[in-house]
Every structure is written in structure tokens, then in C-alpha cells.
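Listed below, chain by chain, are the residues.
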Amino acid sequence: MTAADLAPLIAAGDRRALARAITLVESRRADHREAALTLLADLARLKRQALRIGLSGTPGVGKSTFIESFGLMLTAQGLRVAVLAVDPSSARSGGSILGDKTRMERLSREPLAFIRPSPSQTHLGGVARRTREAVALCEAAGFDIILIETVGVGQSETVVAQLCDLFLLLLAPAGGDELQGVKRGIMEMADLILVNKADGDLKAAAMRTVADYSGALHLLRRRPQDPEGFPKALPVSALADEGLAGAWAEMQALLDWRRANGHIDRRRAEQARHWFEEEVRQGLLAVLTRPGPARDAMARLGEAVAQGALTPEAAAAELLAGLPS
Ligand SMILES: Nc1nc2c(ncn2[C@@H]2O[C@H](COP(=O)(O)OP(=O)(O)OP(=O)(O)O)[C@@H](O)[C@H]2O)c(=O)[nH]1
């Protein structure tokens, strides 16, 4: 099947065609890459947009339980939901955070939902491109909401934050009264902090954790993209399906405000620029690492620097001057 065959099927919302197209954008083969770029350009003409929600949380915090409950709540409202994952750790574990078939079993059977397991990837640049293109394909397929999940190791939150309109941080109730070592940078990215497992014996601890984070969020500098009161921390129970409708109402209130104030369009424009620049950076790196004159010059000039024949600065200037401009 060619890109030209896939495009109308995806536009009609065919989930199998969508899955095949995602496989195509994941491929490293040069002819696949070319077909993928044609397909993406074709589908971009539809100018369809979904609400993109990023979700981060450490293993065991309840991400899959949350996505299943939250996703089912949305599909019950007639919304089409796609779930993607950014998982840079899968290269190491050899597995995939969404690979386990038993995860989100009910949601995966739902006709309005599409769940894409995360493939093994070797570097974050590849993960970012793959996910970005998968998001674009899901949008073209007419999904209303795209949930982009990450386990939050290394730089993966930054990738997700650059792909989404809204960023959720899922936390577990803390044992003591200390914040759970959540890095400041990650807190600063969050639009909502959801303290999961606010049920049964864990409820009291969850409420304390919500209070702790509410206090901590208060101390952060107010961001221009936030109305009064955001970002905020809320208790939820993905298992008992409690607090999810409330969290969704908060997300919608925030999005309405951002839309009305032009923040969504502005953020997407900034993200598009970011990804363009990132692609250029990756392309330049590829020029230096694949066999060819640039890599040869790199080796030759590196040797000259090592032997003291050239300063690092002079050698770098010579190399850069020789690159196609
Ligand atoms: N009490 C309670 N337990 C929950 C809740 N949500 C998830 N759990 C439990 O927490 C455990 C981990 O849940 P998962 O949804 O698999 O967590 P995850 O973050 O997706 O974990 P990884 O797949 O390892 O990344 C499971 O035993 C769930 O049943 C909740 O709201 N309340």
C-alpha cells in the first residue's frame, strides 16, 4: 500500500490504516521515509487539530489505570481518543511501556479509542520525531483528544511538553510530608498535578500531598499562559473513577481561557518552530556522522587538533566553513 492509498483511509478515520501509517513513519528505510514525508504533507492539508494532552508519571503511579478510566470517560461522551507513548527507556529494557497487551484492556476494545504501543528507540531525537509524526497522523484521522504518555525519565518530559497543549503530572500519595523529589523543572511544566490513589487507606495521605503541592505551586512564578489559580493540584482515583470528571472540567476551563487569549495558537506556532530547528540540528549532526566529506574533514581536523597543529577554534571554523550553506 502506498502513501497515496493510505491518505484517504486515514482521513476517513480507518484505524488499521492509521496503525500502518505510524509504522511507516517509524521506519528508518530511505524509501519509507520518503513515502512518510509525502503522506504527512498530504494529510497536513486537512488542517485537523486534536486536543493534545501530555501525561507524565513514574512507574506504578497509575498512568495506565488513569488513561483507561479517563479515556473511557471521554469516549462515553462520544469523543475519539488516541493514546501514544514517549518511551526513551524502552531501548534499554527492550520492552515498551504500552507493549503489554493487558494494559488498558477495556479502552483498547472501545471503537472510539486507538492505542499505539511504543516501539524500541535508541535515541530521543528519533522518539521525538516518531511521536510528533504519530500525533499528526492521529489528528488527520480525526481524533478529538490525543493522550501522550511518558514515564518521565531523562528528557522525555521536555519532548512531551513540546508536543502538547496541556501537561498533566500524575503523582502518588507521599508517605511523609516531603515533596516527592519532583524536579522543579517538571513542576514548572505541569498545568495540573493529579495526585492519584486518593481512595481507601491512601486518601488521607493523598489529601496531604495535594495540600503540599498546592503550596509549592503557589510559590512558582505565575506563567503568562495561566489564568488565576493555575497550575493546580487535585486528588483523583483512577481505580475508583473519582475526581476524573472534575479534573476534565478544570482542563476545559484552562483551555477555554488559553484559547480566548491566543495562547494555544501561539504555543503551537512556537512548537512548530522548535521542531523545525530541532530537525535542522539533527540533520546537521547526521551530515557529520554519516560517511562522506564532512565526516572525513571532522576526522582529519580532529587529528590536526590532537597533534597541536590547529587550535580547536580554528579547526571548527574551517570545518563549518566547508559545510554546504
Ligand atoms: N488504590 C489505587 N490504586 C491504583 C490507582 N490507580 C492505579 N492503582 C494501582 O497502582 C498499580 C500501578 O498502576 P498502573 O496503572 O499499572 O501504573 P503505571 O503508572 O501505568 O505503571 P507502569 O506501567 O509501571 O508505568 C496497580 O496495581 C493499580 O491497580 C488508584 O486510583 N487507586
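Along each chain, residues carry numbers from 1 onward, in the same order as the chain's sequence is written. Only residues with pLDDT of at least 70 get local features here, since the model is predicted, and only at 80 or more are side-chain atom pairs given and counted; chain-wide, interface and lining totals rely on the full set of residues. Only hydrogens and water are set aside when side-chain values are computed; all heavy atoms of the structure are taken into account.

As annotated in an unreviewed UniProt entry, the protein chain carries the name LAO/AO transport system kinase and comes from Cereibacter changlensis.

Trainee: For this particular structure, what's the right way to read the sheet that holds strand β6 (residues 192-195)?
Mentor: Within a sheet, neighbouring strands are paired by backbone hydrogen bonds and run either parallel or antiparallel to one another. For two strands to pair, DSSP has to find at least two bridges joining them. Each helix corresponds to a stretch of at least 4 residues labelled H or I by DSSP, and each strand to a stretch of at least 2 residues labelled E; elements are numbered beginning at the N terminus. Ordered by their spatial adjacency, seven strands build an open sheet running β3-β2-β4-β1-β5-β6-β7, and the pairing between neighbours is parallel. Both edges of this open sheet fall to β3 (113-115) and β7 (232-235), since each of them pairs with a single strand only. Averaged over all pairs of adjacent strands, the angle between their axes in this sheet comes to 20 degrees, without regard to strand direction. Relative to β7, β6 is paired through four bridges, and the arrangement is parallel. Considered in β7, the bridge of Ile 193 is made with Ala 233. Orientation is described by lines fitted to C-alpha atoms, with helices fitted over the stretch in contact, and by angles between N-to-C directions that extend from 0 to 180 degrees.

Trainee: I tried to follow the site of the ligand on my own but got confused; where do I start?
Mentor: Residues in contact with the ligand amount to 15 residues; listed here are only the nearest, Gly 60, Lys 63, Ser 64, Thr 65 and Asp 199. Pairing of N or O atoms within 3.5 Å defines a polar contact, subject to two protein rules: one partner must be a possible hydrogen donor and the other a possible acceptor, and residues neighboring in sequence count only if both atoms are side-chain atoms. At 2.9 Å from an oxygen atom of the ligand is found a main-chain nitrogen or oxygen belonging to Gly 60. Take Leu 239: an N or O atom from its main chain is 3.0 Å from an oxygen atom of the ligand. Accessible areas in this description were obtained via Shrake-Rupley with a 1.4 Å probe; residue shielding takes into account the shown protein chains only. If the ligand stood free it would expose 650 Å²; the protein chains cover 68% of that surface. When residue character is reported, Ala, Val, Leu, Ile, Met, Phe, Trp, Tyr, Cys and Pro are called nonpolar, Asp, Glu, Lys and Arg charged, and the others, Gly included, polar. The residue inventory of the shell around the ligand, partitioned by class, reads four nonpolar, seven polar and four charged. For each residue, the test is whether any non-hydrogen atom lies within 4 Å of the molecule or strand; if one does, the residue is near.

Trainee: Please clarify how the pattern of salt bridges should be interpreted in this entry.
Mentor: When charged atoms on two side chains of opposite charge get close, those side chains can pair. Salt-bridge detection follows one rule: a side-chain nitrogen of Lys or Arg within 4 Å of a carboxyl oxygen of Asp or Glu. Tallied over the full model, the rule gives 22 salt bridges. A salt bridge links Asp 31 to Arg 29; its shortest N-O distance comes to 2.7 Å. Judged by relative accessible area, Arg 29 falls into the partly exposed class, the value being 48%. When the shortest N-O distance is used, the salt bridge between Asp 191 and Arg 223 registers 2.7 Å. Separated by 32 residues along the polypeptide, Asp 191 in the loop between α9 (184-189) and β6 and Arg 223 in the loop between α10 (203-219) and β7 bring together distant segments of the chain. We call a residue buried when its accessible area falls under 20% of the maximum for its residue type, exposed when it is over 50%, and partly exposed in between, using a 1.4 Å probe and counting protein chains only. According to the relative accessible area criterion, Arg 223 is buried, its value standing at 14%. Through salt bridges with shared partners, a single ionic network connects Arg 52, Glu 139, Asp 165 and Arg 268.

Trainee: Looking at this structure, I do not really get the layout of surface pockets. What am I missing?
Mentor: The method is simple in principle: a probe with the dimensions of a water molecule rolls over the atoms, and the space it marks as empty is what remains. Here the largest pocket defines a volume of roughly 830 Å³. Mapped by element, the contributors of at least two residues to the lining of the largest pocket are α9, α10, β7 and α12 (263-289). Here the residues of the lining of the largest pocket sort into ten nonpolar, nine polar and eleven charged. Roughly 640 Å³ of volume is contained in the second largest pocket. Cavities and pockets are defined on a 1 Å grid built over the protein atoms alone: a cavity is a set of grid points where a 1.4 Å probe fits but cannot escape, while a pocket is an open set with protein on both sides within 12 Å along at least five of seven lines, and lining residues are those with an atom within 4 Å of any such point. For the second largest pocket, the lining is made up of 20 residues, of which Ala 44, Arg 52, Arg 132, Ala 136 and Glu 139 are closest to its centre. Broken down by secondary-structure element, the contributors of at least two residues to the lining of the second largest pocket are α3 (30-44), α7 (124-140) and α12. Broken down by element, the lining of the second largest pocket gets its largest block of residues, seven residues, from α7. The residue inventory of the lining of the second largest pocket, partitioned by class, reads ten nonpolar, three polar and seven charged. Grid points are joined across faces, edges and corners, and a volume is the space filled by probe spheres set on the points.

Trainee: Teacher, can you tell me more about the nonpolar core here?
Mentor: Buried together is how nonpolar side chains tend to be arranged in soluble globular proteins. Judged by nonpolar contacts, the single largest core of 52 residues is most densely connected at Ile 10, Leu 18, Leu 39, Leu 137, Cys 138, Ile 146 and Ile 193. Top element by residues in this core is α7. It accounts for seven residues. Reported domain spans reflect what an automatic or database domain assignment gives. Counting the residues that make up this core, at least three belong to each of domain 1 (1-45) and domain 2 (48-261). By definition, residues are in contact when any of their heavy atoms lie within 4.5 Å. Aside from chain neighbours lying at most four places away, what touches Leu 137 is Ile 10, Leu 18, Ala 21, Ile 22, Val 25, Leu 39, Leu 40 and Leu 43. Ranked by size, the runner-up nonpolar core spans 33 residues in total, among them Ile 67, Ile 145, Leu 147 and Leu 170. To form a nonpolar core, buried Ala, Val, Leu, Ile, Met, Phe, Trp, Tyr and Cys residues must be joined to one another through side-chain atoms within 4.5 Å.

Trainee: Sorry, what's going on with the pairing of strand β2 (residues 81-86) here?
Mentor: Every regular strand shows the same layout, with side chains that alternate between the two sheet faces. When you tally the buried positions in β2, you get six out of six residues, the bulk of the element. Of the two faces of β2, the one holding Val 81, Val 83 and Ala 85 and the one holding Ala 82, Leu 84 and Val 86 are both buried throughout. Sheet topology places β2 next to β3; three bridges connect them, and they run parallel. When the sheet's bridge partners are listed, Val 81 is paired in β3 with Ala 113. Here six bridges tie β2 to strand β4 (residues 145-150), and the two strands are oriented parallel to one another. Paired with Leu 84 across the strands is Ile 148, a residue of β4.

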